[in-house]
Amino acid sequence: MLDEATPLFMQIAERVSVEIADGLRTEGQRAPSSNELAIRYRVNPATAAKGLNLLIDQGLLEKRRGIGMFVAAGARERLLVAGRLRFGRKYVEPMVTEAGRLGMSTDELVALILEFGGAVGLPASKGSVTA
Amino acid sequence: MTAAISVSGLTRRYGRQLALNGVTVDFEGASITGLLGRNGAGKTTLMRIIAGHELASAGSVRVFGAEPLENSALLRRMVFIRENQIYPEFKVRHAIRTASWFYPNWCGELAETLLEEFDLPTDRAIKKLSHGMRSALGIVISLAARAEVTLLDEPNSGLDAVARRRFYDLLLREYAEYPRTVLLSTHLVDEVADLLERVVVIDHGCVVLDACSDDLRGTATRVSGRPLDVEEFVAGRLSWGRATSRSHESVVVGGVLDDADRLWARELHLDLRTLSLQEMMVHVVDQTTEDYARETVA
Amino acid sequence: MSTLVKVVRYHLVKPDNLVFVPWAVLVVGFAVNVMVVATTFGGQSTIRYMGTLAALYLTFSVGGVTSITRALPLGLGLGLSRRSFYLGTVLTAVSLAVVYGLILALLQAIERWTHGWGLSMGVFRAPFILEGPWYLTWLMSFVLLTLLFVWGVWSGLVYRRWNLIGLWAFMAAQVIVGVVAALVVTWMGAWHHVGHFFVTLSAPGIAGVVALFAMLFLAGGFATIRRVAV
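The rules behind these values
- Residues numbered from 1 in each chain as written.
- Chains lettered and ligands numbered in written order.
- Predicted model: local features only at pLDDT ≥ 70, side-chain atom pairs only at ≥ 80, totals over all residues.
- Helix = DSSP H or I, 4+ residues; strand = E, 2+ residues; numbered from the N terminus.
- Buried ≥ 20, exposed ≤ 12 C-beta atoms within 10 Å, placed from the backbone.
- Pairing = 2+ DSSP bridges.
- Right-handed = clockwise from strand over helix to strand, strands pointing away.
- Contact = placed C-beta atoms within 7 Å.
- Nonpolar A, V, L, I, M, F, W, Y, C, P; charged D, E, K, R; others polar.
- Axes fitted to C-alpha atoms, helices over the stretch in contact; angles between N-to-C directions.
- Domains from an automatic or database assignment.
- Core = buried A, V, L, I, M, F, W, Y, C linked by C-beta atoms within 7 Å.

Asks: Help me understand the overall build of chain B, please; the structure alone is not making it clear to me.
Replies: Secondary structure summary: chain B contains twelve helices and 13 strands in total. Principal-axis analysis of the C-alpha atoms places the extent of chain B at approximately 65 × 40 × 35 Å. A burial count over chain B gives 45% of its 298 residues as buried.

See the structure below:
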């Protein structure tokens, strides 16, 4: 189920983050309890709790004394920003490196991006429909 | 925090054979710890001594600060149904009924639910149960007892894959609602890996690995490819399990590989495969173990 | 529910070895006796003593063995201390022995009243030790049943702790003790003293000697169980 390399609690935190980023869990909404997560993902409750604590440390969840954990304000925005940064590092950097190795110019690279982007239905610029 | 179970220098000798050799390990209060190792490694002996079923030759065991041997008040808080447990000429319902008298936290409804979940016929004689059903009976008693210290000796032995899945889910659910100290010994390490907070590996009566399962994740990777490339990648790192042929080499590398490492491996056209907990355990037991435990987990 | 009571209940959940088997064996033995006597011997006025009762005692003794071999492992698994298990088991046996003694006394009375079940049979009587008033029969049966049970328990424990070799040694030791005692008596030329002692001893006296041995075996069993492993 979960991958072998990353610590489990980080994977749990990741799953919850994805729910927030996708808008499935909105600001002010209750976060899943560690027991819920433990049973859902079939992991030890302590691991699930560690994952939730990680999200609190990252400011994505907040703890309200005596009541529980809730999605923090601005969590979604922050996740999307962080996601873009990660996207850049993970995909764009290797992509431009590879493009350089193949002797492409930035223009040629952009043309390629537009071509593939169009095929997938990515809007050419923010707000507009497909290119 | 004082550990719930504290084992110190525990030794058990049978004639000239050392079943346990100076075992020192602590088990925390609310936790699920995996007791892993080969057959005859000493896992069951350790659990038997913790439960007061067997006596130590040397060393000590403390449960909640007291010695468990002949300690009624303490024994009441522990449950240990072994693999191949001997029962009187009972039917299933007799065993359940008897168990219900001995545990202050016993939950009858849970026992009934569990019996149904495992399809255990209450009116069948225990000696007529299949191996898997006997394991299931042990699980029912162990979980329904809701004992503060729950020792599970190869509980999934003989259970088919579906029943095993049910058991793990039930264990998690019960543990989440009523946290307790759980020791679980098993061969099927990968199946339970996600449930375990800690793993303790025992080999030839000694503890060869004692670590948080999260810390162990991803700390061993098998690297394969052309021998020269593999050697270049592996240089300076802790490695073992080398398998070389003329055109291909495969070796296990210790330590966590970060993104840079992975990128480099991709450039060298090397194949990376993270070792599962079970594979790690096999390696740990196969080779001289102290180094591994010290260098990878530190 | 006190722990000892729990142990008693545990033994009585399925009381085959302690209740049904001993009495079933007796009933069968009795039936066989009736058939044999009725078909072979004609009317007789003197009592013919039959040893069928021994079967009850012996199977009860076996119950002592199985209480260890079959009931101890689960008992410890469920959190009983060896001490609690031992005392509870002995309590169970003693309680049963009290009741069985009464039943045997009753059967003896009926036997006397029917003049040996109409066939001059002496199943529930034995010369000297099981004659006399009902309370002496009860006392004798009670201590004898207890002795044999405790002996069975001790044997079972010896077997669990030291296996077959240990059991053989245990039996051999008892035989040796007996032989040595006999040799000592012979050497001291004291057989007539021994004979005199037993003849002058009343039935309650013999019961007392039996009880003494029972307590000896009780202590022995307790010492043995302390280091038994399951």
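Asks: Help me understand the pairing of strand β7 (residues 181-186) of chain B, please; the structure alone is not making it clear to me.
Replies: Successive side chains on a regular strand alternate, one facing one side of the sheet and the next facing the other. Residues and elements named next belong to chain B. Taken across its six residues, β7 has six buried, putting it largely inside the fold. Neither face of β7 is exposed, since T181, L183 and S185 on one face and V182, L184 and T186 on the opposite face are all buried. Pairing geometry for strand β6 (residues 149-153) and β7, over five bridges, is parallel. Looking at β7, one finds that L152 is bridged to L184. As a crossover connection, the stretch from β6 through helix α6 (residues 161-177) into β7 is right-handed.

Asks: How do you make sense of the environment of A219(C) when you look at a structure like this?
Replies: Residue and element names in this part refer to chain C. Along the chain, A219 falls in helix α9 (residues 203-225). With 12 C-beta atoms packed within 10 Å, A219 lands in the exposed category. Distance from A219 to R83, taken between C-alpha atoms, is 12 Å for residues 136 residues apart in sequence.

Asks: Please explain the interface of chain B and chain A as it appears in this structure.
Replies: Reports of interface size often rely on the accessible area that becomes lost once the parts have come together. Taken residue by residue, the interface counts 16 residues in chain B and 16 residues in chain A. Broken down by class, the residue content of the side of chain B that touches chain A amounts to seven nonpolar, three polar and six charged.

Asks: Help me out: how do you make sense of the sheet that holds strand β13 (residues 271-274) of chain B in this one?
Replies: Across a sheet, strands are paired by hydrogen bonds formed along the backbone, either parallel or antiparallel in direction. Residues and elements named next belong to chain B. An order of β11-β12-β10-β13 is seen for the four strands of this open sheet, with the pairing classed as antiparallel. Two strands bound the open sheet, and with one partner strand each, they are β11 (239-244) and β13. Strand-to-strand twist across the sheet, computed as the mean angle between neighbouring axes with direction ignored, equals 15°. Across four bridges, strand β10 (residues 220-225) lies against β13 in antiparallel orientation. Note on β13: the bridge partner recorded for T221 is T274. Helix α9 (residues 227-234) contacts β10, β11 and β12 (249-254) of the sheet and is inclined by roughly 150° relative to β10.

Asks: What is the right way to look at the interface of chain C and chain B in this model?
Replies: Between chain C and chain B, the contact holds 24 residues from the first and 25 residues from the second. Where the side of chain C that touches chain B is concerned, the elements lending two or more residues are α1 (3-13), α4 (72-77) and α5 (82-113) of chain C. Among the elements that make up the side of chain C that touches chain B, the one with the highest residue count is α1(C) (five residues). For the side of chain C that touches chain B, the residue count by class is eleven nonpolar, five polar and eight charged.

Asks: Which parts of the structure should I look at to understand the sheet that holds strand β1 (residues 5-14) of chain B?
Replies: Residues and elements named next belong to chain B. Read from one edge of the open sheet, three strands run β2-β1-β4, paired in antiparallel fashion. The open sheet is flanked by β2 (17-27) and β4 (58-63), the only strands paired with a single partner. The mean angle between the axes of side-by-side strands here comes to 20°, regardless of whether they run parallel or antiparallel. As defined by bridge partners, β1 adjoins β4 across five bridges and the pair is classed as antiparallel. Among the inter-strand pairings, I5 is bridged to a residue of β4, identified as V63.

Asks: Looking at this structure, how should I read the domain arrangement of chain B?
Replies: Residues and elements named next belong to chain B. In terms of domains, chain B is made up of domain 1 (5-215) and domain 2 (216-297). Each of domain 1 and domain 2 has a C-alpha centre, and the two are 34 Å apart. Taken together, the 15 residues of domain 1 in the interface contact eleven residues of domain 2. Per-class residue counts for the side of domain 1 that touches domain 2 are eight nonpolar, two polar and five charged.

Asks: What's the story with the environment of H283(B) in this structure? I'm lost.
Replies: Mapping H283(B) onto the fold places it in helix α11 (residues 277-286). Once the C-alpha coordinates of H283(B) and V252(B) are considered, the two residues, 31 residues apart in sequence, prove to be 9.4 Å apart.

Asks: What am I meant to see in the nonpolar core here?
Replies: In a soluble, globular protein the nonpolar side chains are often hidden away together inside. Core analysis: the largest hydrophobic core is formed by 154 residues, its most contacted members being M78(B), I141(B), L151(B) and V150(C). No other element matches the 16 residues that helix α7 (residues 134-187) of chain C contributes to this core. Beyond its immediate chain neighbours, meaning those up to four positions away, V150(C) contacts G64(C), V90(C), A214(C), F217(C), L218(C) and G221(C).

Asks: For this particular structure, what's the right way to read the pairing of strand β2 (residues 68-71) of chain A?
Replies: Residues and elements named next belong to chain A. Relative to β2, strand β1 (residues 61-64) runs antiparallel, the two being bridged by four bridges. Paired with L61 across the strands is V71, a residue of β2. If you look at the hairpin formed by β1 and β2, you'll find three residues sitting between the two strands, and G66 has a positive phi there, around 80°.

Asks: Would you mind going over the arrangement of the chains with me for this structure?
Replies: Between all two pairs of chains that are in contact, chains B and C come out with the most contacts. The smallest C-alpha distance separating chain A from chain C is 26 Å, and no contact links them.

Asks: Before we go on, may I ask you to explain unusual backbone geometry in this structure?
Replies: Leaving glycine aside, a negative phi is the common case for residues, and trans is the common case for peptide bonds. With phi around 60°, N84(B) is a residue other than glycine that occupies positive phi space. Relative to the elements of secondary structure, N84(B) occurs in the loop between β5 (78-81) and α3 (92-102). Residues other than glycine seldom take positive phi values, yet H115(C) does so here, at roughly 50°. Among the secondary structure elements, H115(C) is positioned in the loop between α5 and α6 (116-120).

Asks: For this particular structure, what's the right way to read helix α1 (residues 43-50) of chain B?
Replies: All names here are of chain B. Taking burial as the measure, the eight residues of α1 include eight buried ones, the bulk of the element. Taken residue by residue, α1 has K43, T44, T45, L46, M47, R48, I49 and I50 as its buried positions. Backbone geometry just downstream of α1 places G52 in the positive-phi region, at approximately 80°.

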